[in-house]
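Spelled out from the first residue to the last, the chains are:
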Amino acid sequence: MATDILMPQLGESVTEGTIAKWLKKPGDKVAKYEPICEVETDKVTAEVPSTISGTLTEILVNEGETVEVGKRIARIAEEGAVEEKTLAREEENTEEAAKEETHAEVAEDQSMKHRYSPAVLRLAQENGIDLTNIQGTGKGGRITRKDVLRVIEEGKGIQPAVTEPVEEKQALQREGNKGAPEPSRAESQIPDKPKAKPSGVVLEEGDIEVPVSGVRRTIAERMVMSKHEAPHAWLMMEADVTGLVELRNRLKEEFKQREGVSLTFVPFFIKAVVDSLKEFPYLNSVWAGDKIILKKRINISLAVATEDALFVPVIHDADEKSILGLAKEVHRLAKKTREGKLELNDLQGGTFTVNNTGAFGSIASSPIINYPQAAILSFESIVKRPVVKEDAIAIRDQINLCMSIDHRILDGLMAGKFLKRVKERLEAFGPDTQI
Amino acid sequence: MPVISYIDAVTLALKEEMERDARVFILGEDVGVRGGVFRATAGLYEQFGEKRVLDTPLTESAIVGVAIGAAAYGMRPVAEIQFADFIMPAVNQIVSEAAKLRYRSNGAWNCPLVIRAPYGGGVHGALYHSQSVEKIFAGVPGLKIVMPSTPYDVKGLLKAAIRDEDPVLFFEHKRCYRLIKEEVPEEDYTIPIGKAEVKREGTDVTVISYGLTLHFALKAAEELAEEGISVHVLDLRTLIPLDKEAVIEAVAKTGKVLIIHEDNLTGGFAGEVAAVIAEEAFFELDAPIRRLCGPDVPAMPYSPPLEKEFMPSPEKIAKAIRELAEF
């Protein structure tokens, strides 16, 4: 082992000291606490004692030289010095390797791409720059102020942030492709070259570019985030809902007349889910990094599709509602969605998502979790199938229940138990069930 | 121009002002015969005598109280509080009397008083010899607070403080005393109170600081330049009145701000600077405003590793700047 002797602090305001005299020379044996040199400051002169016993190997500061407090002035060696050096070097190597790894990760992360700082937004607005055309160099792909300034300086990629008619853009792109014989000219004249870069998609004649709407972008971002963050696992069960179909058929006319809304299967699905969630609170939870939060309220997000978008309005406190209450709520939210009148409150606070994929004929689907919820359950088409019942072939109304779970929160066993309870509840409905 | 230390600049400014103006006098604990525990008043007792360099009892309330009376009477007292930590018994005099004299007399009286006090840690001074106290006074209108970081600024600002018509708290970082040296002109000059100064030009991250941590920031900036990170460093020099224009200008240089001081984080002056930036330079910001300050613990620990943990350092600053640059 070799130990460094440092310039000591010899007073509160003293920051440096001058070696007045070395009392030992290299090769001398020194005992612990034995003075090895004298140090002078503008306040005092003092002896510096050795902190260990050993041999003075090196004097690093000559007599008369002034150095800062804490600087190495000498080294004193014990045995085993070589070992220590190798060790230190190894440590350094692993550290470097770790650094490289993080760098690689950073390069791929694009989570901050659409987080714009006030400076970036202002510069983009003042200079008419479309930020979607800029490749960010900040953390998580964030577009930094410098990135925008660079674009302004280069005078490239500048185009009205508002809108250029789509046709015009297309024409320009096409021309660019046709202009292949003189690529240098084409390259320097096409202003939106950076745009083609991120997607890598080549436009061919007749292709139509559809600008991505705000809603579409949000959907895209949320889907990517969910798939990226939550490891999805998928399972499916089959339920015999012959009884439920009979029940609905018996009630639907009268229900419509009495309540003014159609009685669909959806409220029954939700009811079965809500009652089962009470038995399995982990299905009604949220992943929060270092903990799992079991939500007290049961708020069911309901996937509602319009022609060009998907919304998930929320039925708050679904566990406090009857089939009738749920039917009215589903009707209200679906209507608001189609009319584009959803309010923020209608979209917030969901704890579990129900997806009625059967509505468009699907018989199996693998839904993407509505992040950060723990699971999403799809109810597929109800179809008549020949099934074996009590050792005979029977025609029954069958439905597939498809569920995706966040495997960080849930394992297959609990998810399976939950789904089985949903199935049992659906199968328990009969033509005479009171609702 | 001779190269002199931070503390020599204090002594020089006092000497020159005492020579220039017979109304200037010094009072404090051990400032006379001993020449001050840090030697800031060395030689002044010999030159100006016991009537202008007063050794006082260990009673800070009296040191400041006497000085306020003398100032109101037309003298130019420079009171020394041996360590800023010991200013507490004088807080009532400073806050309730000195700060308010002009206001409560409707301008009939004023208080041209300077209170000098060495502050700050990193010197193994532990609990009662390391405190930063500026935040206690920063919210008291009527006081000016000057905290220079270099010998040149010390001389120019201390002279300006002595000539000021109102009370000035002049805080000197004791670690800077013998650590910081530079060329200081021999001739008379002053630096206006309330003016910040850019100590380094840069384009990636703006650092705003004062006192010892400013030097740490400059050192970090030096290292980071090799990594290709360009750091803009603004030295506030005066906390009150704050040079808002300079702050906003510095923010606009990079859009990313790190504010550093040794005083505790909560209620520290960095919070005020951050508020000014948020209010008046919001659209210049390219990253959340960051603060690197002393932690919210009651005092500077004596244990060397803990003191190191408490103190801002070039390494900690470099890390924070790097994070901002990468953001």
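Residues numbered from 1 in each chain as written. Chains lettered and ligands numbered in written order. Predicted model: local features only at pLDDT ≥ 70, side-chain atom pairs only at ≥ 80, totals over all residues. Heavy atoms only, no water.

Note the threshold: UniProt positions are given in the numbering used here, feature names are shortened, and annotations may be inferred rather than shown by experiment.
Looking at an unreviewed UniProt entry, one finds chain B named 2-oxoisovalerate dehydrogenase E1 component beta subunit and attributed to Thermoflavimicrobium dichotomicum. What the UniProt record of chain B gives under Cofactor (unreviewed entry) is the line "thiamine diphosphate".

In the annotation of an unreviewed UniProt entry, the entry for chain A reads Dihydrolipoamide acetyltransferase component of pyruvate dehydrogenase complex, and the organism field reads Thermoflavimicrobium dichotomicum. Here chain A is described in UniProt, under the heading Cofactor (unreviewed entry), as follows: "(R)-lipoate". The UniProt entry for chain A carries this comment under Sequence similarities (unreviewed entry): "Belongs to the 2-oxoacid dehydrogenase family."

## With respect to the overall build of chain B
Heads up, the rule is: Numbering of helices and strands runs from the N terminus, with a helix taken as a DSSP run of H or I at least four residues long and a strand as a DSSP run of E at least two residues long. Each residue gets one of three labels from its accessible area relative to the maximum for its type: buried under 20%, exposed over 50%, partly exposed in between, using a 1.4 Å probe on protein chains only. The criterion used for residue contact is that any of the two residues' heavy atoms lie within 4.5 Å.
Along its length, chain B carries 13 helices and 14 strands. With 327 residues in all, chain B has 58% of them scored as buried. Look at the contacts in chain B between residues 6 or more apart in sequence, and 83% of them connect residues 24 or more apart.

## Re the environment of B:Glu284
Its place among the elements puts B:Glu284 in the loop between α11 (269-280) and β14 (290-294). A sequence separation of 32 residues divides B:Glu284 from B:Ala252, and the C-alpha atoms of the two residues are 5.5 Å apart. With sequence-adjacent residues up to four places away left out, B:Glu284 is seen in contact with A:Ala119, A:Arg122, A:Arg145, B:Val251, B:Ala252 and B:Gly255.

## Some remarks on the pairing of strand β15 (residues 352-355) of chain A
Residues and elements named next belong to chain A. Formally: Strand pairing is defined by DSSP finding a minimum of two bridges between the two strands.
Covered by surrounding structure in β15 are Phe 352 and Val 354 together with Thr 353 and Asn 355, the residues of both alternating faces. Sheet topology places strand β12 (residues 300-305) next to β15; 4 bridges connect them, and they run parallel. Counterpart to Leu 302 in the pairing with β15 is Val 354. In this sheet, strand β16 (residues 375-379) lies alongside β15 in parallel orientation, the contact comprising 3 bridges. Residue Val 354 lies in a different strand from β16, and its bridge partner there is Leu 377.

## Focus on the confidence of the model for chain B
Selection rule: A score from 0 to 100, pLDDT tells how confident the predictor is in each residue.
For chain B, mean pLDDT is 97; residues scoring 70 or higher make up 100% of the total. With pTM at 0.56, the complex prediction returns an ipTM value of 0.81.

## Looking at the nonpolar core
Residues and elements named next belong to chain B. Defined as follows: Only buried residues count toward a nonpolar core. Its members are Ala, Val, Leu, Ile, Met, Phe, Trp, Tyr and Cys residues joined through side-chain atoms within 4.5 Å. Domain boundaries shown here were taken from an automatic or database domain assignment.
Formed by 59 residues in total, the largest nonpolar core has its most connected members in Leu 14, Leu 158, Val 231, Leu 258, Ile 317 and Ile 321. Both domains that meet at this core, namely domain 1 (3-183) and domain 2 (197-326), each give it at least three residues. Setting aside chain neighbours within four positions, we find Leu 158 in contact with Val 10, Ala 13, Leu 14, Val 114, Arg 116, Asp 153 and Phe 170. Ala 70, Met 147, Leu 242 and Ala 274 belong to the second largest nonpolar core, which has 53 residues in total.

## Observations regarding the sheet that holds strand β2 (residues 16-22) of chain A
Residues and elements named next belong to chain A. How we decide: To get an axis, fit a line to the C-alpha atoms, keeping to the stretch in contact for a helix; angles then go from 0 to 180 degrees between the N-to-C directions.
On the basis of which strands lie adjacent, the open sheet formed by 4 strands has the order β5-β4-β2-β7 and antiparallel pairing. Of all strands in the sheet, those with a lone pairing partner are β5 (45-49) and β7 (66-68), marking the two edges. When strand polarity is set aside, the average angle formed by the axes of neighbouring strands in this sheet is 40°. Judged from the 5 bridges that link them, strand β4 (residues 35-40) and β5 form a sheet pairing that is antiparallel. Pairing of Val 39 across the sheet is with Ala 46, part of β5.

## Quick word on the packing of helix α9 (residues 212-226) of chain B against helix α13 (residues 314-326) of chain B
Residue and element names in this part refer to chain B. We count it as follows: Each angle is binned into one of four classes, with values under 35 degrees roughly parallel, values over 145 roughly antiparallel, values of 65 to 115 roughly perpendicular, and all other values oblique. Should the near helix be turned anticlockwise from the far one by less than a right angle, the crossing is termed left-handed; should it be turned clockwise, right-handed. Under the grouping applied here, Gly and all other residues not named as nonpolar or charged are polar, the nonpolar ones being Ala, Val, Leu, Ile, Met, Phe, Trp, Tyr, Cys and Pro and the charged ones Asp, Glu, Lys and Arg.
Put simply, α9 and α13 touch, their axes get as near as 8 Å, and they point 60° apart. Relative to α13, the element α9 is oriented oblique. As for the relative orientation of α9 and α13, their crossing is right-handed in sense. Each of Thr 213, Phe 216, Ala 217, Lys 219, Ala 220 and Leu 224 in α9 lies in contact with α13, whose residues at this interface are Pro 314, Ile 317, Ala 318, Ile 321 and Arg 322. Classifying every residue of the contact of α9 with α13 gives 8 nonpolar, 1 polar and 2 charged.

## Here's the deal with the UniProt feature "domain: Peripheral subunit-binding (PSBD)" (unreviewed entry) in chain A
Mapped onto this structure's residue numbering, the UniProt feature "domain: Peripheral subunit-binding (PSBD)" (unreviewed entry) falls at residues 115-152 of chain A. Overall, residues 115-152 of chain A shows 47% helix and 0% strand. The separation of its end C-alpha atoms is 20 Å.

## Notes on helix α9 (residues 266-279) of chain A
Residue and element names in this part refer to chain A. Rules: Each helix should span, by expectation, one fewer than its residue count multiplied by 1.5 Å.
The terminal C-alpha atoms of α9, which comprises 14 residues, lie 20 Å apart, in line with the 20 Å expected from a rise of 1.5 Å per residue. Counting buried residues in α9 gives 10 out of 14 residues, a clear majority hidden from the surface. Val 266, Pro 267, Phe 268, Phe 269, Ile 270, Ala 272, Val 273, Val 274, Ser 276 and Leu 277 are the residues of α9 that are buried.

## So, the packing of aromatic side chains
Rules: Pairing of aromatic rings covers Phe, Tyr and Trp, the last counted by its six-membered ring, and requires centre-to-centre distances within 6.5 Å; plane angles under 30 degrees mean stacked, over 60 mean edge-to-face, and any other angle means tilted.
Scanning all chains against the criterion turns up 13 aromatic pairs over all chains. For the ring pair A:Phe268 and A:Phe429, a centre distance of 5.3 Å and an interplane angle of 85° mean the geometry is edge-to-face. On the criterion of sequence distance, the pair formed by A:Phe268 in helix α9 and A:Phe429 in the segment after α12 (412-428) is long-range, its members being 161 residues apart. Accessibility classification places A:Phe268 together with A:Phe429 in one group, the buried group. Between B:Tyr6 and B:Tyr177, the ring centres sit 5.9 Å apart and the planes meet at 55°, which makes this aromatic pair tilted. Of this pair, B:Tyr6 sits in helix α1 (residues 6-20) while B:Tyr177 sits in helix α8 (residues 176-179); the two residues are 171 residues apart in sequence, bridging distant segments of the chain. Residue classification places B:Tyr6 among the buried positions, given a relative accessible area of 0%.

## Concerning the interface of chain A and chain B
Formally: Accessible area that two parts lose when put together, with a 1.4 Å probe and added across both, is what the buried area reports. When a carboxyl oxygen of Asp or Glu lies within 4 Å of a side-chain nitrogen of Lys or Arg, that pair is called a salt bridge. Two N or O atoms count as a polar contact when they lie within 3.5 Å, although within protein this holds only if one can serve as hydrogen donor and the other as acceptor, and sequence-adjacent residues are included solely when both atoms are side-chain atoms.
Counting from both sides, the interface comprises 20 residues of chain A and, opposite them, 29 residues of chain B. Carbon and sulfur atoms supply 47% of the area buried between chain A and chain B, which totals about 2,000 Å² over both sides. Viewed at the interface, chain B and chain A are joined by 4 salt bridges. A salt bridge links A:Glu16 to B:Lys181; the shortest N-O distance between them is 2.5 Å. The tally of links between chain A and chain B comes to 17 residue pairs in polar contact (both at pLDDT 80 or more). For the side of chain A that touches chain B, the secondary-structure elements that each account for two or more residues are α2 (118-127) and α3 (145-154) of chain A. In terms of residue count, α2(A) provides more of the side of chain A that touches chain B than any other element does, 4 residues in total.

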